[in-house]
Amino acid sequence: MKVLKFGGTSVANARNILLAEHMIKKESSQNRIIVVVSALHGVTDSLIKAAEYAAVKDENYIPIIKDLEEKHLDLVKELIPVLEQSSWLSFVKKHCNDMEDIYNGIFILGEFTDKIRDRITSYGEFLSSNIIAARLQYEGLDSLWMNSAELIRTDSNFTHAKVNFDTTDENVKNYIAAHQNQIIVAPGFIAKDRNGNATTLGRGGSDYTAAIIAAAVSAEELQIWTDVSGMMTADPRLASNAKPIPEISYHEAMELSHFGAKVLYPPSIQPVMAKNIDLKIKNTFDPDAYGTLVSHNLNKPENEQQPAAGVSNMSYIALLTLEGSGMVGIPGISAKLFQCLSFEKINVILITQGSSEHSITIAVNEKEVFHAENVVNAAFEDDIQLQRMAPVKIETGLSIVALVGENMKNRSGISAKMFGCLGNNGINIRAIAQGSSERNISIVISEKDIRKAVNILHEAFFESEIKQVHLYICGTGNVGSKLVQQIYEQNSYLQENHLINLRIAGISNSRKMFFSDHGISENESSSWNEKAIEASIHGFADEIISRNLRNSVFIDVTASSSVPEVYEDLLKRSVNIVACNKIAASSDFEQYKTLKRTARNHNCKFHFETNVGAGLPVIGTINDLMKSGDKITSIQAVLSGTLNFVFNNYDGSRTFSEVVAQAQKEGYTEPDPRLDLTGTDVARKILILAREAGYALQFDEIENESFLPEECLQGSVEDFYLKLTEYEDHFKSLLNDAQKDGKILKYTADFKDGKAKVGLQHAAPDSDLYHLYGKDNIVIFKTLRYSEQPLVVKGAGAGAEVTASGVFADIIRSV
């Protein structure tokens, strides 16, 4: 014999009931079955809502009752043959009239007790099960309606009645033995106490009814038919990659259902678990899907056993903390705490206590927190007045996330992996609980982090190790557009070879911004402006923080002084930052240190390799030298592709003004070339290198030996070029001074003995600086280890393509 339960949307309407009928016919052709059904979808809620209206003398209860009556009358008309409908229409009307009498009584008395609630809500299952049983009979099936309320005996704890299993088991067995029909249909959820009063088994109790009956008859199998294909590895509303769990143990199912997996009602597992009866969760709308098997008899090979079975969550949680020196070493404190809450029927969801015994923290439903606070403060009133304990502290706006798995036991590293991936994404854990069974690690976090946390854990434990990385790109100029192109071209390679999937989740320029949590497609990347909204850098950052996606990276490919203003706020939310922009790393030293410290404290990365040398591994080389214990004693460098181009091409055959104009035309300078020629950019770069080498240097401490006459710095860009022409003799004399000694001009940056300077130098043919062509950069390090033969980094130091590739490399380092 098998027991099948249909509930939720499986019995929402006639069309869905006909789908359920198909499964009933299929199973009954091979086995004798008992079918347990819940009320039509939404009926129980409507019954309660109508009673609540009536209790406050609000006549809105009347149309609700009428709607419920019409709903059941329509069901009869759709399921029962026309010639047989009359008696069933009368049946529905009679019981709806009985309901209406009860509601009228509630309205007159203004009273809605739990006892009346149970009587009212029992009508939903009573009506649906009778109509379905009649439908099966008229289809020619050997079907019988069984009133489970007459067989399941409970105490008188209305709305959450406790089952008397000895009496119930005997009643069910006797009934089934006396009635040999192939199909028996029974209402779920409802029962009676020994005085014949209607009781209910709690919300979701139809599952419990099915399990009680299955255990009583020692069924071969219990099937729960619902609207999803089994238990899921996470709530699919939160984790889009959640998938059905093919097999799971009873203990795992119990843990998952307790912490929010709504497919099962937690107590429903207990009767069948005790009898070692297999339980299957199936999808009415996809009956061929395997679903989930819940069993004691799972025989997976060890190499196929995953440590975790699923991630579950429970929202609207509050924490209560009782603490004080008066708790230490005093027996009975915990007992007193739980006893006072038990008397008030306040359910404790989670408990945690440190070995110091100085405090104990519990989690309760947020709706009950203030009542619980008053109850506990009253129970410990004397201790609080004597200052042996502090008044209860409460925290609201929280959620529980639980990682559940039978195979987590005795496996080292599970907790480390769980806490590590959460910490790396800036999720603060308020409380932790883990039993000695090791099959459940529960944490309490902020409600606003719930989606992020569930996705992080699901990705870490269930998603074949491919890491989803969310990128937010600020700046869509030459470097930004090249970066976007490189990301799309390289993403498949990263997925296949490095298990990383990059999603451009947001993009912004100085005017507009656009977001897509699932990633901006390559087609959208060229037209995102059309869908974008007005933007500011602070608005862009606020939206990133609000979306709170895991593995987030903010990429600054601007030269804006305002963009770095948001770095600290983003780092505090564990958003990694990759900056091509030099402003932050060359700002006030304390601000530079603050950003580095904030990144470290919040387990995220702050990378800015492209601040110096575009894609050249300059800063990375310094970091490696420092980490390995070396010390940098001096740096000599050519760090401006613009200035290198200018002085490589200025040979006296053309004016200096003409060479600068060519550099601007070919895109090597800023729109105002003076920004490059004054050496300010080079000074920022050597400052950054010195800081990364461990020296506390400020920008105004760098000596800048300008080669430009002061008059060239005045007026417009056009005025600048006129002045360059006027001062051609000055520039030619600089060139001649170098050439007469067989040398060439190079604009260099030097750092030694804690001091830095930038300016023109004469480079001899035997110098590393001499053979430096085009826009190349060179950085020459002398260190304690590289004291005689320096360490040289050389290559293209400018250009959108190489700069974008350097930013790209920083992104990969960040994740």
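What counts as what
- Residues numbered from 1 in each chain as written.
- Predicted model: local features only at pLDDT ≥ 70, side-chain atom pairs only at ≥ 80, totals over all residues.
- Heavy atoms only, no water.
- Salt bridge = Lys/Arg side-chain N within 4 Å of Asp/Glu carboxyl O.
- Helix = DSSP H or I, 4+ residues; strand = E, 2+ residues; numbered from the N terminus.
- Buried < 20%, exposed > 50% of the residue type's maximum accessible area, 1.4 Å probe, protein only.
- Phe/Tyr/Trp six-rings, centres within 6.5 Å; stacked < 30°, edge-to-face > 60°.
- Pairing = 2+ DSSP bridges.
- Contact = heavy atoms within 4.5 Å.
- Axes fitted to C-alpha atoms, helices over the stretch in contact; angles between N-to-C directions.
- Arc of directions from axis to C-beta.
- Polar contact = N/O pair within 3.5 Å; in protein donor to acceptor, adjacent residues only side chain to side chain.
- Patch = residues over 30% accessible without salt bridge, like charges linked within 9 Å, V, L, I, M, F, W, Y side chains within 5 Å.
- Areas by Shrake-Rupley, 256 points an atom, 1.4 Å probe, with all protein chains shown as cover.
- Lys, Arg positive; Asp, Glu negative; His and termini not counted.
- Charge placed at Lys NZ, Arg CZ, Asp CG, Glu CD.
- Core = buried A, V, L, I, M, F, W, Y, C linked by side-chain atoms within 4.5 Å.
- Parallel < 35°, antiparallel > 145°, perpendicular 65-115°, else oblique.
- Nonpolar A, V, L, I, M, F, W, Y, C, P; charged D, E, K, R; others polar.
- Expected span 1.5 Å × (residues − 1).

Caption draft 1: Layout of the pattern of salt bridges. Taken as a whole, this structure holds 31 salt bridges when the rule is applied. With its nearest N and O atoms 3.2 Å apart, the salt bridge here joins Glu459 to Arg550. Linking Glu459 in helix H14 (residues 450-462) with Arg550 in the loop between helix H18 (537-547) and strand E22 (552-556), this pair joins segments that are 91 residues apart in sequence. In terms of burial, Glu459 and Arg550 fall into one category: buried.

Caption draft 2: The packing of aromatic side chains, seen in detail. Per the stated rule, a full pass over the model turns up 21 aromatic pairs. Taking 6.3 Å as the distance between ring centres and 70 degrees as the angle between the ring planes, the aromatic pair formed by Phe554 and Tyr567 counts as edge-to-face. In this pair, Phe554 sits in strand E22 while Tyr567 sits in helix H19 (residues 567-572), placing the two residues 13 residues apart along the sequence. The pair Phe554 / Tyr567 is uniform in exposure class, with both members buried. Ring centres of Phe647 and Phe656 lie 5.9 Å apart, and the angle between their planes is 40 degrees; on these two criteria the pair is classed as tilted. Across this residue pair, the class does not change: Phe647 and Phe656 are buried. Members of the aromatic cluster, each reached through a chain of ring pairs, are Tyr472, Phe515, Phe540, Phe554, Tyr567, Phe606 and Phe608.

Caption draft 3: View of the sheet that holds strand E9 (residues 247-248). Reading across from one edge, E3-E5-E2-E1-E8-E10-E11-E9 is the order of the 8 strands in this open sheet, with mixed pairing throughout. With one partner strand each, in any of the chains shown, strand E3 (143-145) and E9 form the two edges of the open sheet. Where E9 lies against strand E11 (residues 292-294), 2 bridges are found, and the strand directions are parallel. By the bridge assignment for E11, Glu247 is matched with Leu293. Its contacts with the sheet place helix H1 (residues 14-28) against strand E1 (2-6), strand E2 (33-37), strand E5 (183-187) and strand E8 (221-226), and it is angled at close to 180 degrees to E1.

Caption draft 4: Structural detail: helix H21 (residues 618-627). What H21 keeps buried is the set Val618, Ile619, Thr621, Ile622 and Leu625. On an axial view of H21, the arc spanned by its buried residues comes to 160 degrees, and they lie on one face. Exposed and facing more than 90 degrees away from the buried side of H21 are Asp624 and Lys627. On its buried face, H21 sits against strand E25 (632-638), helix H25 (680-692), strand E29 (776-783) and strand E30 (791-796).

Caption draft 5: The arrangement of the side chain of Asn509 in detail. In this structure, Asn509 sits in the loop between strand E19 (500-508) and strand E20 (512-515). Asn509 gets classed as buried once you look at its relative accessible area, which sits at 13%. Of note is the side chain of Asn509, whose polar atom sits 2.8 Å from the backbone nitrogen of Arg511. A distance of 2.7 Å separates a polar side-chain atom of Asn509 from the backbone nitrogen of Lys512. Each residue touching Asn509, except ones within four places of it in the same chain, is listed here: Thr476, Trp528 and Asn529.

Caption draft 6: Structural context of the pairing of E29. Counting buried positions over the 8 residues of E29 gives 6, a clear majority of the element. Taken together, the 6 bridges between E29 and E30 define a ladder with antiparallel strand orientation. In the sheet register, Asn777 faces E30, and the bridge partner there is Gly795.

Caption draft 7: The arrangement of a negative patch on the surface in detail. A cluster of acidic residues, Asp67, Glu70, Asp74 and Glu78, forms a negative patch at the surface. Counting through the fold element by element, Asp74 comes out in helix H3 (residues 61-79).

Caption draft 8: Local environment of the nonpolar core. In this structure, Phe554, Tyr567, Phe606, Ile686, Leu689 and Phe707 are the most contacted members of the largest nonpolar core, which totals 81 residues. The greatest single-element share of this core, amounting to 7 residues, is contributed by H25. With near-sequence residues (within four places) excluded, Tyr567 lies in contact with Phe554, Asp556, Ile577, Ala579, Asn581, Ala584, Leu595 and Phe606.

Caption draft 9: How the structure looks around the packing of helix H6 (residues 165-178) against helix H7 (residues 205-216). For the pair H6 and H7, interaxial distance at closest approach is 9 Å and the crossing angle is 70 degrees. Viewed along their axes, H6 and H7 adopt a mutual orientation that is roughly perpendicular. From H6, Phe165, Thr168, Asp169, Val172 and Lys173 reach across to H7, where they touch Tyr208, Ile212, Ile213 and Ala216. Residues belonging to the contact of H6 with H7 are distributed by class as follows: 6 nonpolar, 1 polar and 2 charged.

Caption draft 10: Inspection of H3 at higher detail. In this model, H3 (19 residues) spans 27 Å end to end at C-alpha, consistent with the 27 Å of a helix rising 1.5 Å per residue. For H3, the set of buried residues is Tyr61, Ile64, Ile65, Leu68, Glu69, His72, Leu73, Leu75, Val76 and Leu79. Looking at the buried side of H3, the elements it contacts are H1, helix H2 (43-55), helix H4 (85-109) and helix H5 (114-138).

Caption draft 11: Fine view of the side chain of Thr621. Following the sequence through the fold, Thr621 ends up in helix H21. Among all residues touching Thr621, those that are not within four sequence positions of it are Phe781, Leu791 and Val793.

Caption draft 12: Highlighting the environment of Thr167. Positionally, Thr167 belongs in helix H6. Using a relative accessible area of 31% as the deciding quantity, one classes Thr167 as partly exposed.

Interpretation in functional terms is not warranted from these geometric data alone.
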